[in-house]
Amino acid sequence: AVATVSGTGVATAVGNGTAGVTASTGGVADTAVVTVQQRPYKLVFTVEPSATLETVTITPAVRIGIQDSLGSIVTADTAPVSLTLGANPAGGALSGTLTEPAQAGIAAFADLAIDVGSAGYTLTAASPGLPNATSQLFDIMLNFAQVSAGHVSTCGLTMGGRAYCWGYGAAGALGTGDTLSQGYP
């Protein structure tokens, strides 16, 4: 079915195409053919971003759906959808293809990565004429290229080129500007 019809006779598109509407009163019936077309109403994350390592592609691919007011995907829509970082707790940069055309109402982003590890990132999806959508919170975990362990402290260099030190912090040994010890990067 491409449309639903209310008790008052209002036809609402759930797909694109034509539908026959038959009405009767007083023993007389007639049929009208109506053409219906879904209208884009909002963006939704159909596949949310998942936790991954910094500089590593987020999998599975993030997918954004263009929905009508009833929550059905507008399969004829090919509008561009763009992604940006929403919540950005560590000043990370989002890389990959950041604008994709929808195909059958879905825009897929298969090569996204963030270069700085932290908890609490979100993505924001935008498409012309529609309100923005925000993903659920997700984490980007540190991805160490090198680690050097000492007697009382450890330092590591991430794939994103950031240095972290943790352990015993007396006399500023961790390079954080204080003398506090840290149990993790």
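To keep things clear, this report deals only with the structure shown in the data block.

Rules used in this analysis
- Residues numbered from 1 in each chain as written.
- Predicted model: local features only at pLDDT ≥ 70, side-chain atom pairs only at ≥ 80, totals over all residues.
- Heavy atoms only, no water.
- Core = buried A, V, L, I, M, F, W, Y, C linked by side-chain atoms within 4.5 Å.
- Buried < 20%, exposed > 50% of the residue type's maximum accessible area, 1.4 Å probe, protein only.
- Helix = DSSP H or I, 4+ residues; strand = E, 2+ residues; numbered from the N terminus.
- Contact = heavy atoms within 4.5 Å.

Nonpolar side chains in soluble globular proteins tend to end up buried together. Ranked by internal contacts, the top residues of the largest apolar core, which has 23 residues, are Val62, Ile64, Leu83 and Leu123. Every element with two or more residues in this core is listed here: β5 (42–47), β7 (62–67), β8 (80–85), β11 (106–109), β14 (123–126) and β16 (138–141). Those residues in contact with Ile64 that sit more than four places away from it in its chain are Leu43, Val44, Phe45, Thr46, Val81, Leu83, Gly105, Ile106, Ala107, Phe109 and Ala125.

Residue Pro60 is reached from Thr59 by a cis peptide bond, and omega for that bond is -5°. As for its placement among the helices and strands, Pro60 is situated in the loop between β6 (52–53) and β7. The backbone of Thr55 shows a phi angle near 65°, a positive value even though the residue is not glycine. Within the secondary structure, Thr55 sits in the loop between β6 and β7. Positive phi, normally seen in glycine, also occurs at Ala104, with a value near 55°. As for its placement among the helices and strands, Ala104 is situated in the loop between β10 (99–101) and β11.

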